[in-house]
Amino acid sequence: NAIRGIKGSHLNSIPEKEKLEHFRLSSCSFQGENDFSDEELVADHLCKLSAFSGFKGLRELELLDKGGFSCFKIEAVYFNAIPNKEFIEKLILERISVEYFNFSEFKGLRHLSLSNSKYLTSEQFNTIPNKGSIEFLDLTGVDVTGFDFSKLTGLKKVELRDVRGLTRDQFDSIPNK
């Protein structure tokens with residue numbers, strides 16, 4: 001069952017959060033959707049998130065600013081403190097400011113969506129390890145200047161709608177197009 005209307009300061013009080021495998025946080029209601037699994041968590045109108053350290057069993061992490069209202073304020077120090085990042089297979093950061101986020105420990109990613117993320121740099125993207133395991137990549141609306149796509153050898157689907165800064169050489173370096 002989904003938990004609605006939780007505040008960031010209450011994340012520490014979630015029972016057995018170390019057992020959660022799928023964590024989904026959204027800044028607006030999912031009206032009409034009632035298919036959340038027991039391991040999903042939805043938060044409405046969250047303005048600040050700071051308590052990731054107890055989520056030790058995550059396999060999927062979704063942080064969505066569905067309304068585009070920039071309600072999320074996720075500080076890099078807390079995102080970077082997520083434990084066991086190497087086991088996360090699905091990472092979705094949609095319309096989130098990822099300034100100073102460290103992606104270098106996400107070694108098991110298969111699904112990566114940074115759609116419309118703000119402040120994503122080539123340095124951040126290029127330090128993602130094991131890019132060959134990524135099967136799905138969504139960079140919709142992102143400035144991809146300087147991104148190295150050549151190691152995405154396992155890619156089955158890529159979304160590059162409305163990207164900025166994509167050169168012919170970068171596009172040609174994407175394997176399995």
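Residues take numbers from 1 onward in each chain, read along the sequence in its written order. In keeping with the predicted nature of the model, local features appear solely for residues at pLDDT of at least 70, side-chain atom pairs appear and are counted solely at 80 or more, and the whole-chain, interface and lining totals rest on all residues. Only hydrogens and water are removed before side-chain values are computed, so all heavy atoms of the structure are retained for them.

Examining the pairing of strand S3 (residues 90-94)
Inference 1: Counting buried residues along S3, four of its five residues qualify, which places the element largely inside the surrounding structure.
Inference 2: Relative to S3, strand S2 (residues 60-64) runs parallel, the two being bridged by five bridges. Of the residues in S3, the one forming a bridge with Glu-60 is Lys-90.
Inference 3: Following DSSP output, two strands are said to pair if at least two bridges run between them. Here a helix means four or more residues in a row that DSSP labels H or I, a strand means two or more in a row labelled E, and each is numbered from the N terminus. In this sheet, strand S4 (residues 111-113) lies alongside S3 in parallel orientation, the contact comprising three bridges. Along S4, the bridge assignment pairs Lys-90 with His-111. Relative accessible area decides the class of each residue, using a 1.4 Å probe on protein chains only: under 20% of the type maximum gives buried, over 50% gives exposed, and in between gives partly exposed.

Focus on the packing of aromatic side chains
Inference 1: Two rings from Phe, Tyr or Trp (for Trp, the six-membered ring) form a pair when their centres are within 6.5 Å of each other. A pair whose planes differ by under 30 degrees is stacked, one over 60 is edge-to-face, and the rest are tilted. Summed over all chains, the structure comprises eight aromatic pairs.
Inference 2: Placement of a positive charge over a ring is assigned whenever Lys NZ or Arg CZ falls within 6 Å of the ring centre and within 35 degrees of the normal to the ring plane. Between the NZ or CZ atom of Lys-131 and the centre of the ring of Phe-125, over which it lies, the distance is 5.3 Å.

Overview of the pattern of salt bridges
Inference 1: Each salt bridge in this description consists of a side-chain nitrogen of Lys or Arg and a carboxyl oxygen of Asp or Glu lying within 4 Å of one another. Evaluated as defined, the whole model comprises six salt bridges.
Inference 2: A salt bridge links Glu-105 to Lys-85; its shortest N-O distance comes to 3.7 Å. Of this pair, Glu-105 sits in the loop between S3 and S4 while Lys-85 sits in the loop between helix H1 (76-79) and S3, and the two are 20 residues apart along the sequence.
Inference 3: Classification of Glu-105 by relative accessible area gives partly exposed; the value is 38%.
Inference 4: Across the pair Glu-159 and Lys-157 runs a salt bridge, and its minimum N-O distance is 3.4 Å.
Inference 5: Looking at Glu-159, the relative accessible area reads 16%, which means it is buried.
Inference 6: Residues joined in a network through salt bridges with shared partners are Lys-157, Glu-159 and Arg-161.

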